[in-house]
Amino acid sequence: MTLARAITDREGSVLLSSGTVLDLAMLERLIRRGVDAISVLVPDNRDEATIAEELRAVERRIETIFRGAGSSARDQLRDAVLTYRIETTK
Amino acid sequence: MTAPTLDRLPDHAEALPSLPEVVNYLIRALNDDNANLETLAHHINSDPAIVARLLAAANSVTAGLSKRVHSAGQAFLLLGADRIASIILASALIYRYDTHTSGFNARMLWQHSLGVATCARVLAEQTGVDPELAFTSGLLHDIGQLLMHTASPSHFLKALDRHLNEDIPLFVAERSVFGYDHCDAGRVLATAWKLPTDIIDAIAAHHEPDGFGSEIGNLIHVSECLSHALDLGELPSNRVPDLSELACANLGLSWPKFAAQFAEIEARFDDFRVSLGI
């Protein structure tokens, strides 16, 4: 299991840098330090057509849950969630 | 038969089970510097069901690792006081108010409430609001629905039906059936339960915060919208409510900047959901 993002403490000091390969002892130490979520790299075996279809599904879902008119604050939230979903789907 | 009026709702509040003792303790501890882990441990150990859920949550965190967690004390050391308090609060509420009738599933309400509570805690950490108050208010923000369902199941199911079939917000459908909504009913229930004023304000303000002038009300309103936007929980016919410009401005919120927290919110929500078995 490889870290996708560095783990930092509350002061911002890096505990483990991205790219570190984790073993069980390291995971146990992180849990004891109160770390409750980490990002790990997952092998991506998708082809381009699959990714394109997933991106279309993401856009359809955002359009559905943001249906109807709303404030400009709601529009900004929609744009932020759409950008996030696209980045994490690619 | 007409729906019960708002001024009759306190009578119906007595039909709901009272708040678990440990929940009352945790809520009082929000404003009490003398509250400590030993007292919390005492409250937990007096309720075997909560100890069992706490150990299940701690062991779900350590799944696959070398040690098993066998006591509340070990769980405290492993998970930390804040996380323990959140798990206890959520599990005590979820299992005390686990109504499941045709058309109304309280488990779904609690899943949504956990989503709002998770968003609220992360938003609070970024905006200088007390994270524990934010999490607790998020968990309790929809308790008005429990009271309305208890007071008149048929009217509440009618409101739910309108919400789903006419694609209108639930609080609008409730007003058309009852003449008031779950924000009003929640305020009544929270007052009957003698909850702190901050939490009562958060419950009352969470759909239309402008005019309340409540920081925690603004925060829970934004958390409500964000939880829908991130699709937390399994809400049928999910739709993001309208978002108050004023609430966002008062919290100093910039969505492009705050978007860096979305992954953290999703990870914490999934972790809680698995820990609590919902």
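Look a little higher up for the structure.
For the structure given in this document, a descriptive report is provided here. (Residues numbered from 1 in each chain as written. Chains lettered and ligands numbered in written order. Predicted model: local features only at pLDDT ≥ 70, side-chain atom pairs only at ≥ 80, totals over all residues. Heavy atoms only, no water.)

**A few points about the overall build of chain B**
Along its length, chain B carries 17 helices and two strands. Radius of gyration (C-alpha) of chain B: 18 Å, near the 19 Å computed for a compact globule of 278 residues. Along the first, second and third principal axes, the C-alpha set of chain B runs to 55 × 45 × 35 Å. Counting all 278 residues of chain B, 56% fall into the buried class. Across chain B, contacts joining residues at least 24 apart in sequence account for 66% of those joining residues at least 6 apart. Of the charged side chains in chain B, 18 are positive and 34 negative, and the gap between their average positions amounts to 6 Å. (Helix = DSSP H or I, 4+ residues; strand = E, 2+ residues; numbered from the N terminus. Rg over C-alpha atoms; globule rule 2.2 N^0.38 Å. Buried < 20%, exposed > 50% of the residue type's maximum accessible area, 1.4 Å probe, protein only. Contact = heavy atoms within 4.5 Å. Lys, Arg positive; Asp, Glu negative; His and termini not counted. Charge placed at Lys NZ, Arg CZ, Asp CG, Glu CD.)

**Quick word on the packing of helix α7 (residues 106-127) of chain B against helix α17 (residues 262-276) of chain B**
All names here are of chain B. With their axes 10 Å apart at the nearest point, α7 and α17 run at an angle of 135° to one another. The angle between the axes of α7 and α17 places the two elements in the oblique class. In the crossing of α7 with α17, the sense of the turn from one axis to the other is right-handed. Seen from α7, the contacting residues are Q111, L114, G115, T118, C119, R121, V122 and E125; seen from α17, they are I265, R268, F269, F272, R273 and L276. Across the contact of α7 with α17, the residue classes break down as seven nonpolar, three polar and four charged. (Axes fitted to C-alpha atoms, helices over the stretch in contact; angles between N-to-C directions. Parallel < 35°, antiparallel > 145°, perpendicular 65-115°, else oblique. Left-handed = near helix turned anticlockwise from the far one by under 90°. Nonpolar A, V, L, I, M, F, W, Y, C, P; charged D, E, K, R; others polar.)

**Comments concerning the interface of chain A and chain B**
How large an interface is tends to be reported as the accessible area lost when its parts come together. The interface of chain A with chain B comprises 25 residues on the first partner and 31 residues on the second. For the pair chain A and chain B, the summed buried area comes to about 2,500 Å², and 54% of that belongs to carbon and sulfur atoms. Across the contact surface, chain A and chain B share three salt bridges. With a shortest N-O distance of 2.8 Å, R67(A) and D167(B) are connected by a salt bridge. Among the elements that line the side of chain A that touches chain B, the one with the most residues is helix α3 (residues 72-89) of chain A, at nine residues. Counted by class, the side of chain A that touches chain B contains 11 nonpolar, six polar and eight charged residues. (Buried area = accessible area lost by both parts, 1.4 Å probe. Salt bridge = Lys/Arg side-chain N within 4 Å of Asp/Glu carboxyl O.)

**Considerations on the side chain of N218(B)**
Structurally, N218(B) can be placed in helix α14 (residues 215-229). Those residues in contact with N218(B) that lie beyond four places of it in its chain are P209(B), A247(B), N250(B) and L251(B).

**Focus: unusual backbone geometry**
All names here are of chain B. In this model, D167 sits at a positive phi of 55°, which is unusual for a non-glycine residue. Tracing the chain through its elements places D167 in the loop between α10 (153-165) and α11 (170-178). With a phi close to 60°, D231 is a non-glycine residue in the positive phi region. Looking at where D231 falls in the secondary structure, it is placed in the loop between α14 and α15 (245-251).

**As for the nonpolar core**
Counting 109 residues, the largest nonpolar core has L77(A), L219(B), W255(B) and F262(B) as its most contacted members. Of the residues forming this core, the biggest block, 11 residues, is contributed by α7(B). Counting eight residues, the second-largest nonpolar core is a separate cluster that includes L3(A), L22(A), L30(A) and V35(A). (Core = buried A, V, L, I, M, F, W, Y, C linked by side-chain atoms within 4.5 Å.)

**Let's talk about the state of the cysteines**
A covalent bond bridging the sulfur atoms of two cysteines is what the word disulfide describes. Residue and element names in this part refer to chain B. In total, this model carries zero disulfides over all chains according to the counting rule given. The cysteine C183 is free of any disulfide, with C225 supplying the nearest cysteine sulfur at 12 Å. Unpaired in this structure, C225 has its nearest cysteine sulfur neighbour in C248, at a distance of 7.6 Å. (Disulfide = S-S within 2.5 Å.)

**Here's the deal with helix α6 (residues 81-96) of chain B**
Three or four residues apart is the spacing at which side chains of an α-helix point the same way, because the helix has 3.6 residues per turn. With 16 residues, α6(B) should cover 22 Å at 1.5 Å per step; its first-to-last C-alpha distance of 22 Å lies within 8% of that length. By the burial criterion, the buried members of α6(B) are R83(B), I84(B), A85(B), S86(B), I87(B), I88(B), L89(B), A90(B), S91(B), A92(B), L93(B) and I94(B). (Expected span 1.5 Å × (residues − 1).)

**Some remarks on the pattern of salt bridges**
Taken as a whole and judged by the stated rule, the model has 19 salt bridges over all chains. Of the charged contacts, one joins E53(A) and R60(A) as a salt bridge, the two residues approaching to 3.3 Å between their closest N and O atoms. Here E53(A) falls in the partly exposed class, since its relative accessible area comes to 35%. Here R60(A) falls in the partly exposed class, since its relative accessible area comes to 46%. Where R187(B) meets D184(B), a salt bridge forms, and the shortest distance between an N and an O atom there is 3.9 Å. Of this pair, R187(B) and D184(B) both sit in helix α12 (residues 182-192), separated by three residues, roughly a single helical turn. Under the relative-accessibility criterion, R187(B) is labelled partly exposed at 33%. Here the salt bridges share partners, and the residues they tie into one network are D44(A), R46(A) and E54(A).

**Points about the packing of aromatic side chains**
All names here are of chain B. Applying the stated criterion across every chain, the model contains seven aromatic pairs over all chains. Summarising the aromatic geometry, the rings of F104 and F156 are spaced 5.4 Å apart at their centres and angled 90° between planes, so their arrangement reads as edge-to-face. One end of the pair, F104, is in strand β2 (residues 104-105); the other, F156, is in helix α10, and 52 residues separate them in sequence. The burial state of F104 is the same as that of F156; both residues are buried. For the ring pair F135 and F272, a centre distance of 5.5 Å and an interplane angle of 35° mean the geometry is tilted. Taken together, the residues span a long stretch of sequence, with F135 in helix α8 (residues 131-140) and F272 in helix α17 at a distance of 137 residues. Judged by relative accessible area, F135 falls into the buried class, the value being 1%. Residue F272 is classed as buried on the basis of its relative accessible area of 7%. (Phe/Tyr/Trp six-rings, centres within 6.5 Å; stacked < 30°, edge-to-face > 60°.)

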